[in-house]
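# Notes for the structure review
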Amino acid sequence: MKESRRGFMAKAGALASVGLAGCIGDDSSDDLPIAEGGHIPEEKRDLFGPDDTFAPPHEDWMINVVDESSTLGGHFDYEADRHEFNTEASHYDDDFQTVTVSGITEEDWKQILRDDLTENRRPRGPNTGSSASNLERFIQGRNTSVDEIFEYVDEAFENGEEFYNDPDNVPLRTSSDLRPGEVFDVPEWAERVFMGLFEGIDAEAGIRGDKDNLMGSGAYTEATYTLFRKYAEEELGKEIFEDFHVWRFGTEASRNDDWLLNHSMIGFAYSDDGEHGFRIVEPVPPSEGRYTDSITENIDRPENKPYFNDEKEQASTLNPNRALELVQQDAVSINEERIVHNKLLEDIRAISDSATTYEDSTSSDAPDYAVWFSEEFRDSVEDTFTDDFTEDDMMNAVYTSRGLIEIQNSIGYERPLKVEGTMENPVVSYTPEEKVERLVEEGL
């Protein structure tokens with residue numbers, strides 16, 4: 001196992017903001033005249049974007065991240081090359097290339113995840129109330145409550161054997177049912193919480209994760225990960241990052257269903273007696289004719305799931321190269337590679353803010369070609385979540401997630417990104433949309 005750089009445990013503080021400042025220009029250039037006082041003339045402003053605080057939209061520029069908060073784990077710690085528009089004769093410095101992260105603490109990041117549960121957001125679909133929290137909105141109007149669903153989890157702890165063996169409940173395979181060489185080693189407490197939630201959400205709220213239900217896997221996923229976090233923290237005293245982390249992620253592509261990479265699943269990372277692991281949680285109750293047959297298939301290693309099987313026409317954003325291959329082969333319902341890249345960005349962000357309560361990653365300002373991830377980076381995503389998952393792997397994902405959130409919050413969602421390097425050492429640049437489009441379409 002790799003040597004851990006730091007623990008999962010977070011610290012304390014108060015929420016604040018990040019900043020991006022500065023302008024560009026060069027008064028020595030005839031092509032880029034600068035008005036007195038250092039501002040770009042109105043007639044030349046289209047060369048520079050909506051205001052005079054950013055580089056021209058047709059120019060690449062590497063983003064230099066200054067982490068004054070010490071919450072990015074040393075990631076993004078590279079020296080950005082000075083942009084050609086910033087000469088020594090310029091009125092301006094290179095702040096337009098710099099994102100400064102400050103005033104936010106480890107505890108603030110944990111609070112953002114707690115806000116995923118409590119933030120009041122207008123629900124979609126049949127839930128029309130405007131004041132329901134994320135914890136409540138998927139059971140609103142269903143004649144149940146969080147406490148009633150938690151009774152199923154309590155029962156799983158108090159009468160485990162009876163609960164597991166009840167034919168009306170979710171089936172549980174025994175060790176003799178496991179595949180050759182398979183070890184079902186998820187911590188027992190987590191298994192019981194998931195088991196009880198699957199049963200309670202299904203029985204009390206009537207939310208089923210199959211494709212025939214209007215609520216679908218998205219509702220089942222959000223109901224499960226929010227309720228799991230609440231129960232683990234408040235009833236069992238478990239800590240985010242120290243004992244576990246759960247987040248909405250990744251999705252699936254399938255030939256026969258128009259899912260468009262929106263079959264939601266749960267990423268579950270845990271620490272148990274010094275060992276760390278990662279599992280994909282399938283957000284559906286197992287039963288005949290559905291995705292899984294038992295709880296051990298609901299909570300499984302990525303390598304055992306069809307989304308990581310090269311023989312299956314399914315893929316998740318945690319193995320993006322396979323997803324891109326399937327798109328190029330016209331083997332899945334999506335027909336554009338950009339969807340894989342854009343969805344990967346959304347899912348990496350979700351590690352730190354699954355409900356987008358801090359900032360909305362689905363901003364309407366986002367371009368069609370919002371991001372391009374290099375092949376090296378895509379490989380590192382799969383490497384991070386498969387094989388021997390470690391504490392370092394988890395925190396690499398967390399730090400990269402935070403950094404991408406702060407970069408987009410600072411420079412704006414309308415500015416596409418190029419992400420290179422790895423999950424451990426990401427390198428991010430602003431790149432015009434037409435260049436991102438070319439990179440994506442050339443399959444680089």
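Residues numbered from 1 in each chain as written. Predicted model: local features only at pLDDT ≥ 70, side-chain atom pairs only at ≥ 80, totals over all residues. Heavy atoms only, no water.

Next up on the list: unusual backbone geometry. Of note in the backbone geometry, Ser70 takes a positive phi value of approximately 55 degrees without being a glycine. Relative to the helices and strands, Ser70 resides in the loop between strand S2 (64–67) and strand S3 (98–101). Phi is positive for Phe241, which is not a glycine, with a value near 75 degrees. Along the chain, Phe241 turns up in the loop between helix H5 (216–234) and strand S4 (244–249). (Helix = DSSP H or I, 4+ residues; strand = E, 2+ residues; numbered from the N terminus.)

Now for helix H7 (residues 320–328). The buried count for H7 comes to seven of nine residues, which makes it a mostly enclosed element. Here H7 has its buried residues at Pro320, Asn321, Arg322, Ala323, Leu324, Leu326 and Val327. Buried-residue contacts for H7 involve helix H8 (337–350) and helix H9 (375–385). (Buried < 20%, exposed > 50% of the residue type's maximum accessible area, 1.4 Å probe, protein only. Contact = heavy atoms within 4.5 Å.)

Scanning all chains against the criterion turns up 17 aromatic pairs. Seen in terms of ring centroids, Phe194 and Phe268 are 5.3 Å apart; in terms of plane orientation they differ by 85 degrees. Their pairing is edge-to-face. With a gap of 74 residues between them, Phe194 in helix H4 (residues 188–205) and Phe268 in strand S5 (residues 265–272) connect regions that are remote in the sequence. Per residue, the accessibility class of Phe194 equals that of Phe268, and both read buried. Each residue in the set Trp189, Phe194, Phe198, Phe228, Phe244, Phe268 and Tyr270 is aromatic and connected to the rest through ring pairs, giving one cluster. Over the ring of Tyr369 we find Arg338, and its NZ or CZ is 5.8 Å from the ring centre. Over the ring of Tyr430 we find Arg415, and its NZ or CZ is 5.8 Å from the ring centre. (Phe/Tyr/Trp six-rings, centres within 6.5 Å; stacked < 30°, edge-to-face > 60°. Lys NZ or Arg CZ within 6 Å of the ring centre and 35° of its normal.)

Quick look at the confidence of the model for the protein now. The predicted model of the protein averages 74 in pLDDT, with 63% of residues at 70 or higher. When the elements of the protein are averaged for pLDDT, helix H3 (residues 160–165) gives the smallest value, 66, and strand S8 (residues 371–373) the largest, 97. Confidence over residues 209–215 falls short of pLDDT 50; this stretch has 22 contacts with residues more than four positions distant or in other chains. Across residues 286–292, confidence stays below pLDDT 50; counting only partners more than four residues off in sequence or on other chains, it has 26 contacts. (pLDDT = per-residue confidence, 0-100.)

A separate point is the environment of Asn425. Counting through the fold element by element, Asn425 comes out in the loop between strand S9 (417–421) and strand S10 (426–430). Sequence separation between Asn425 and Asp77 is 348 residues, and the spatial gap between their C-alpha atoms is 7.9 Å.

What follows is about the sheet that holds S4. Sheet architecture is open: four strands sit in the order S4-S5-S6-S7, paired in antiparallel fashion. Both outer strands of the open sheet, S4 and strand S7 (299–300), are each paired with one neighbouring strand and no more. Pairing between strand S6 (residues 275–281) and S7: two bridges, direction antiparallel. Within S7, the residue paired with Val281 across the bridge is Ile299. (Pairing = 2+ DSSP bridges.)

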